[in-house]
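Working through the structure, step by step
Spelled out from the first residue to the last, the chains are:
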Amino acid sequence: MTEIHKIIIRTDTLSPEELRLSLRRKVNISLSDPVRKQILKSQETIDSILKTGETVYGVNTGFGQLANKRITDDQLGFLQRNLVLSHAAGTGSLLPDNTVRLILVLKIQSLSRGFSGVRPETVELLCEMINREVYPCIPAKGSVGASGDLAPLAHMAAPLIGEGEVRIDGEIFPAKEGFKKAGLAPINLGPKEGLALLNGTQVSTALALKGYFELRRVFDAAVLTGALSVDAVKGSDTPFDARIHEVRGQKGQIIVAELYRTILSKSEIRSSHLDCDRVQDPYSVRCQPQVMGAVLDMMDHAGTILWREANAVSDNPLVFPDEGEVLSGGNFHGEPVAISADALAIAASEVGALAERRLALLIDANLSGLPPFLVENSGLNSGFMIAQVTAAALASENKTLAHPASIDSLPTSANQEDHVSMATFAARRIEEIVDNVAGIIAIELLAAAQGVEFHRPLKTSPGLEELIAILRKGVPRYEEDRYFAPDIEKAKEIIRSRTIDALIEKHVPGWLTRSHTDK
C-alpha cells in the first residue's frame, strides 16, 4: 500500500521536503484552525467592501483591458464563473497527476495566507480533491506567465464549478460525474474567487520544482559517474586538492571538490599510478569541481527562489484585512520563476555537456589508454561507438532547449499585459532537459564501469565499486556487440532511482542533509 503523507496547512511556510513529497507520494491535506480563521477574515473584508459600493478590480469590474466595466451586484457570481470558463483555453497534452497534485498544494498554500478574499469552504474543496485523488485535467500549454498561469489554472478551477474534466485512477471523467463518483459537489463561486483561483504562478512553480528535484538526483549521479571516469582513464586526483578550491573561494566548487576527494579515496587504481608522468588531464576530468560546483551554486539559488514562490501570495488584487484595503499590483508576474527555470535549464545542460565530453574521452584510445570504443576485438565489435553518438545528440538537443525563455515576451490582452515572463514554458522544458542528461549519465556509467574493469585486478574506491556492482546486477559487462538500448535504459533507471541517494549517503555521510536539504 502506498504511503500517504499528511500535510497540515499552517500559518508558516511549507517546507522543501513537503513540496518534494507532494510530487512523489499521495498526500492528505487539511487546514489548521488559525489558517481557516485568517482565510475567513480576508473573505469578510471583501464582503464589507462590497456593502460600501466601492469599485474593486476583479470583484465588481471586468478583467484586463475590461477593468473599466462595472458589474452589478446581481451579476458578481456570473462574473467569476464566466472568468473561469473563458480562460480555460489551454491546449496540448495533460499534465500528469503528480504535477497537478503539487499545483493544487501550492494554490491551497497561497490562498491560505489570507490575502485572497476567498471562502474557507472553497479552499477546503481543493483539499478534498487532493485527498480523494480527483485531479483536474490541465493542458500543459497556454500560459505566458503573466497574469499568472491563467489558462492552466482555469482548467484547475473549472471542476469546482462542475465544468471541465477530472482524472481519477487514470480514467478521465466529466467534472460533475467525477465529483459525484468521489463524493464531492461543485460550488458556486463567490466574489473574487474565480480571479483568486486563476491568478498566480502555481503551475510554472510546480513545473520548475519538479525539474529542480529531478536535477538534484541526476547531479549526484553525474558526480559519481564523473569520479568513475577519473579512475577509468587513470586521471589525477590532484585537481581536487582542497587548497586549489579554497583560494578561489567559490562555495559550490569547494563542496563538490570535497565530494570527489571522498568518493575517490582508497582507490587502488589511483595508488597504482601516483608516479606516472602525466602532467594534466583534459578539462572534462580536471575541471569537474569548477563546473559542477557552479551548477550546485545555481541549483541552490534557484531552489531558494522557487521555495519562496511556492509559499507566495501571487494573485491579484490582494486583500489586507487589518487595513480593510484591497490593493492591485503585479505579484502574478512569473519573472522570478522564469529566470530561475532558465538558470536550471542552463545548469542541467552543462552537466550533460561535461559528461558527454568525458564519454568521448573514454572511447578514444589515443587519450584514454583504454581499448578503442571500450571493447575487445574492436573492428569486429563497434563497442560504445554509437552510444557516444546518442550522448552527443542528447547534449546537442539540450543546447537548443536551454535557450532562455525569459528573454522573450509577447504582449497580450490588447497590450494591457505588455510584458510577460514565459515562466511556464521555461519551467516545463526542464524535465525534458534533465531526462536527456540522465540518458547521457547512464551511458557514461556504462562506459566508465567498462573502463575501470579493464584495470582489473585493481579496484576503484569502495563507493564506486558498489556502484559498479549495482550496475552489474542488471547489465553484464560488454564483452562483444549486443543489442545496446536496453543497457542504457537499465542504467538510466539506476540514475533516476533512490539508489543514488543511498549510495552517496553511505559513503559520504551528511552529504544529503548538508547540501541537499531540499531533496
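Residues numbered from 1 in each chain as written. Predicted model: local features only at pLDDT ≥ 70, side-chain atom pairs only at ≥ 80, totals over all residues. Heavy atoms only, no water.

1. Some thoughts on the overall build of the protein chain
Counting its regular elements, the protein chain contains 22 helices and 9 strands. The C-alpha radius of gyration of the protein chain comes to 26 Å, within 12% of the 24 Å expected for a compact globule of 519 residues. A principal-axis box enclosing the C-alpha atoms of the protein chain has dimensions of 85 × 50 × 45 Å. In the protein chain, which comprises 519 residues, the proportion classed as buried is 56%. At a minimum sequence separation of 6, the contacts of the protein chain that also span at least 24 residues come to 78%. Split by element, the accessible area of the protein chain, about 21200 Å² in all, is 53% carbon and sulfur. Side chains of the protein chain carry 55 positive and 66 negative charges; the gap between the two charge centres is 3 Å. (Helix = DSSP H or I, 4+ residues; strand = E, 2+ residues; numbered from the N terminus. Rg over C-alpha atoms; globule rule 2.2 N^0.38 Å. Buried < 20%, exposed > 50% of the residue type's maximum accessible area, 1.4 Å probe, protein only. Contact = heavy atoms within 4.5 Å. Areas by Shrake-Rupley, 256 points an atom, 1.4 Å probe, with all protein chains shown as cover. Lys, Arg positive; Asp, Glu negative; His and termini not counted. Charge placed at Lys NZ, Arg CZ, Asp CG, Glu CD.)

2. Remarks on the packing of aromatic side chains
Enumeration over the complete set of coordinates arrives at 6 aromatic pairs. With centroids separated by 5.4 Å and ring planes inclined at 55 degrees, the aromatic side chains of Tyr212 and Phe213 adopt a geometry described as tilted. Residue Tyr212 shares its accessibility class with Phe213, and that shared class is buried. Measuring from centroid to centroid gives 5.5 Å for Phe384 and Tyr478, while their planes differ by 55 degrees, and the two rings are tilted. Taken together, the residues Phe384 in the loop between α16 (365-368) and α17 (385-401) and Tyr478 in the loop between α19 (462-472) and α20 (485-495) connect sequence positions 94 residues apart. (Phe/Tyr/Trp six-rings, centres within 6.5 Å; stacked < 30°, edge-to-face > 60°.)

3. Details of α20
Three or more residues of α20 are buried, namely Asp487, Ile488, Ala491, Lys492, Ile494 and Ile495. Across the axial projection of α20, the buried residues extend over an arc of 155 degrees, all falling on one side. Looking at the buried positions of α20, the neighbouring elements they touch are α9 (202-232), α18 (423-453), α19 and α21 (499-507). (Arc of directions from axis to C-beta.)

4. Structural notes on the sheet that holds strand β6 (residues 165-168)
Read from one edge of the open sheet, 3 strands run β4-β6-β7, paired in antiparallel fashion. On the outer flanks of this sheet lie β4 (135-136) and β7 (171-174), each paired with one strand and no other. The pairing of β4 with β6 spans 2 bridges and is classified as antiparallel. Across the sheet, Pro136 pairs through a bridge with Val166, a residue of β6. (Pairing = 2+ DSSP bridges.)

5. Section: the side chain of Thr201
Its place among the elements puts Thr201 in the loop between α8 (193-198) and α9. What makes Thr201 buried here is its relative accessible area of 2%.

6. Notes on α19
Listed as buried for α19 are Gly463, Leu464, Glu465, Leu467, Ile468 and Leu471. Contact partners of the buried residues in α19: α9, α11 (251-264), α18, α20 and α21.

7. Focus: the state of the cysteines
Here, disulfide denotes a covalent bond that connects the sulfur atoms of two cysteines. Applying the stated criterion across every chain yields a total of 0 disulfides. As a non-bridged cysteine, Cys127 has Cys137 as the owner of its nearest cysteine sulfur, 20 Å distant. A residue is classified by how much of its surface remains accessible, and Cys127, at 3% relative accessible area, is buried. (Disulfide = S-S within 2.5 Å.)

8. Regarding the side chain of Asn131
Tracing the backbone through its elements, the reader meets Asn131 in helix α5 (residues 120-131). Side-chain polar atoms of Asn131 contact the side chain of Glu128, separated by 3.2 Å. The contact partners of Asn131, leaving out residues within four places of it in the chain, are Val27, Asn28 and Ile29. (Polar contact = N/O pair within 3.5 Å; in protein donor to acceptor, adjacent residues only side chain to side chain.)

9. Overview of unusual backbone geometry
Geometrically, the link from Ala146 to Ser147 is a cis peptide bond, its omega value of 5 degrees lying close to zero. You can see Ser147 is positioned in the loop between β5 (139-141) and α6 (150-157). Between Arg456 and the following residue, Pro457, the backbone shows a cis peptide bond with an omega angle of 15 degrees. For Glu133, which is not glycine, the phi torsion reads 55 degrees and is therefore positive. Along the chain, the position of Glu133 falls in the loop between α5 and β4. The backbone of Leu374 shows a phi angle near 60 degrees, a positive value even though the residue is not glycine. By the secondary structure assignment, Leu374 is in the loop between α16 and α17.

10. Re a nonpolar patch on the surface
Together, Met385, Ile386 and Val389 make up an exposed nonpolar region whose accessible area comes to about 250 Å². As for its position among the elements, Ile386 is in helix α17. The exposed category is assigned to Ile386, whose relative accessible area is 53%. (Patch = residues over 30% accessible without salt bridge, like charges linked within 9 Å, V, L, I, M, F, W, Y side chains within 5 Å. Salt bridge = Lys/Arg side-chain N within 4 Å of Asp/Glu carboxyl O.)

11. Description of the pairing of β7
Each regular strand displays side chains that alternate between the two surfaces of the sheet. Two elements, β6 and β7, share 4 bridges in a ladder whose sense is antiparallel. Paired with Val166 across the strands is Phe173, a residue of β7. Counted between consecutive antiparallel strands, the loop separating β6 from β7 contains 2 residues, among which Asp169 sits at a positive phi close to 50 degrees.

Scope: geometric values only; no functional claims are made or implied.
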